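# Fold and contact review
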Amino acid sequence: MGAATDFLLQLGQLSTGSVKALTGSFANLPRSSYLDGDFRLRRYSHFNYAAETLTVLPAKAFSQGQDLNKFQGDVARVYPAIEADIFNSQAFSEMFSKFKQMAAIEDETPIEVHQMRILGKPGVATEAAPEGVHQDGFDYLAVFVIDRQNISGGEICVHPNQDQAPIFKHAFDNGEFVVLNDKRFWHSAAALQAVNDELAYMDVFVLTA
């Protein structure tokens with residue numbers, strides 16, 4: 001594998017079957033007591049992926065320093081694990097396979113996964129990424145947007161530096177994804193808003209290695 005600085009950025013698309021298989025599980029995401037718990041529902045787990053086999057690693061808290069996350073850094077956040085019927089599915093493995101191949105991630109590299117639903121409200125902007133323009137503190141990052149319902153905004157943005165405008169901005173949907181070098185680029189997401197009074201959300205898997 002080349003150094004993290006060798007890989008830059010790549011776009012991709014999950015298969016239609018995988019998108020369909022993953023969509024329903026987001027309805028089971030719980031709220032949390034953390035600062036974003038009212039508008040970002042989440043599960044979190046980490047895995048090894050080698051020889052096309054996924055191995056669940058022991059549960060742990062998720063934490064980022066204040067230097068990476070000024071919104072809720074230095075907080076050990078404990079989330080419920082991703083459900084077994086999801087991480088045992090071929091659809092879930094497809095995400096790992098594409099992430100690993102695109103970024104040339106070595107076998108046995110731990111990969112952390114956040115499954116999130118970001119809720120929108122009519123007439124009120126919801127910060128999809130309240131951390132602002134940031135890095136996650138890893139070598140590689142992948143954002144898979146599985147579904148968008150009744151929202152405007154929420155575009156994923158890639159920035160060359162924290163204080164620069166995005167060089168890429170797109171409203172991902174239906175299994176579209178981006179894999180990027182987390183040491184080379186910064187990322188953010190535009191605020192989103194419900195377009196009507198019905199349930200409004202963006203469903204996302206974020207993988208980091």
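Here is a short report on the structure shown in this document. (Residues numbered from 1 in each chain as written. Predicted model: local features only at pLDDT ≥ 70, side-chain atom pairs only at ≥ 80, totals over all residues. Heavy atoms only, no water.)

## A look at the pairing of strand 9 (residues 176–181)
Keep this limit in mind: Burial classes follow relative accessibility: with a 1.4 Å probe on protein chains only, a residue under 20% of its type's maximum area counts as buried, one over 50% as exposed, and anything between as partly exposed. Helix and strand labels come from DSSP, where a helix needs a run of H or I of at least four residues and a strand needs a run of E of at least two; each type is numbered from the N terminus. A pair of strands is considered paired only if DSSP assigns at least 2 bridges between the two.
Taken across its six residues, strand 9 has five buried, putting it largely inside the fold. Bridge count for strand 1 (residues 9–13) against strand 9 is five bridges, and the pairing is antiparallel. In the sheet register, glutamine 10 faces strand 9, and the bridge partner there is valine 179. The pairing of strand 5 (residues 140–149) with strand 9 spans six bridges and is antiparallel. Counterpart to tyrosine 140 in the pairing with strand 9 is asparagine 181.

## Let's talk about the nonpolar core
Which entries qualify depends on this criterion: Here the nonpolar core consists of buried residues drawn from Ala, Val, Leu, Ile, Met, Phe, Trp, Tyr and Cys, with membership extended through side-chain atoms lying within 4.5 Å. By the convention used here, residues are in contact when the closest approach between their heavy atoms is within 4.5 Å.
In terms of nonpolar packing, the biggest core is built from 34 residues, with Phe92, Phe205 and Leu207 touching the most fellow members. Every element with two or more residues in this core is listed here: helix 1 (16–23), strand 2 (40–50), helix 2 (84–87), helix 3 (90–103), strand 4 (111–119), strand 5, strand 9 and strand 12 (201–208). Among the elements that make up this core, the one with the highest residue count is helix 3 (seven residues). Setting aside chain neighbours within four positions, we find phenylalanine 92 in contact with Leu22, Phe47, Leu54, Ile82, Ile86, Phe87, Val113 and Phe205. Judged by nonpolar contacts, the second largest core, of 21 residues, contains Val145, Leu180, Ala189 and Val204.

## Describing the sheet that holds strand 1
To be explicit about the condition: Fitting a line to C-alpha atoms yields each axis, with helices limited to the stretch in contact; the angle taken between N-to-C directions then spans 0 to 180 degrees.
Strand order in the open sheet made by the seven strands is 1-9-5-12-4-2-3, with antiparallel pairing throughout. Pairing within the sheet leaves two strands with one partner each, and these edge strands are strand 1 and strand 3 (53–56). Sheet twist, expressed as the mean angle between neighbouring strand axes with direction ignored, is 25 degrees. Sitting on the sheet, helix 1 touches strand 5 and strand 12, and the angle it makes with strand 5 is about 75 degrees.

## Quick word on the packing of aromatic side chains
Definition in use: The aromatic pairing rule takes the rings of Phe, Tyr and Trp, using the six-membered ring of Trp, and pairs them if the centres are within 6.5 Å, calling planes under 30 degrees apart stacked, those over 60 edge-to-face and the rest tilted.
Across all of its chains, the model carries ten aromatic pairs by this definition. With a centroid separation of 5.7 Å and an interplanar angle of 40 degrees, the aromatic rings of tyrosine 49 and phenylalanine 96 are classed as tilted. In this pair, tyrosine 49 is assigned in strand 2 and phenylalanine 96 in helix 3, connecting sequence segments 47 residues apart. Of the residues examined, tyrosine 49 reaches a relative accessible area of 7% and is grouped as buried.

## Comments concerning helix 1
For the record, the criterion: Note: the arc covers the axis-to-C-beta directions of the helix.
For helix 1, every residue scored as buried is listed here: Ser18, Val19 and Leu22. Burial along helix 1 is one-sided: seen end-on, the buried residues are contained in an arc of 100 degrees. In helix 1, the exposed positions angled more than 90 degrees off the buried face are occupied by Thr16 and Lys20. Here the buried face of helix 1 lies against helix 2, helix 3, strand 5 and strand 12.

## Section: helix 3
What counts here: One fewer than the residue count of a helix, multiplied by 1.5 Å, yields its expected span.
Over its 14 residues, helix 3 runs 20 Å from end to end, which matches the ideal 20 Å to within 8%, given 1.5 Å per residue. Judged by how many residues are buried, helix 3 sits mostly within the fold: eleven of 14 residues are covered. Restricting attention to buried positions, one finds in helix 3 the residues Ala91, Phe92, Ser93, Glu94, Met95, Phe96, Ser97, Phe99, Lys100, Met102 and Ala103. Just past helix 3, the residue alanine 104 takes up positive phi, approximately 55 degrees.

## So, the pattern of salt bridges
Defined as follows: Salt bridge, as applied in this entry: a Lys or Arg side-chain nitrogen positioned within 4 Å of an Asp or Glu carboxyl oxygen.
Tallied over the full model, the rule gives seven salt bridges. One salt bridge connects glutamate 131 with arginine 40, and the closest N-O pair in it is separated by 3.1 Å. Here glutamate 131, found in the loop between strand 4 and strand 5, pairs with arginine 40, found in strand 2; they are 91 residues apart in sequence, far enough to count as distant. Take glutamate 131 and arginine 40: they sit in the same class, and that class is buried. The partner of lysine 100 in a salt bridge is aspartate 107, and the shortest N-O contact between them spans 2.7 Å. A relative accessible area of 40% means that aspartate 107 is categorised as partly exposed.

## Brief notes about a nonpolar patch on the surface
Put simply, the rule reads: A patch consists of residues exposed above 30% relative accessible area that lack any salt bridge, with like charges linked at up to 9 Å and nonpolar side chains (Val, Leu, Ile, Met, Phe, Trp, Tyr) linked at up to 5 Å. The method behind every accessible area is Shrake-Rupley, applied with a 1.4 Å probe, and residues are considered shielded solely by the protein chains displayed.
Together, Leu8, Leu9 and Leu11 make up a nonpolar patch on the protein surface, roughly 230 Å² of accessible area in all. Looking at where leucine 8 falls in the secondary structure, it is placed in the segment before strand 1. On the basis of relative accessible area, leucine 8 is assigned to the partly exposed category, the value being 41%.

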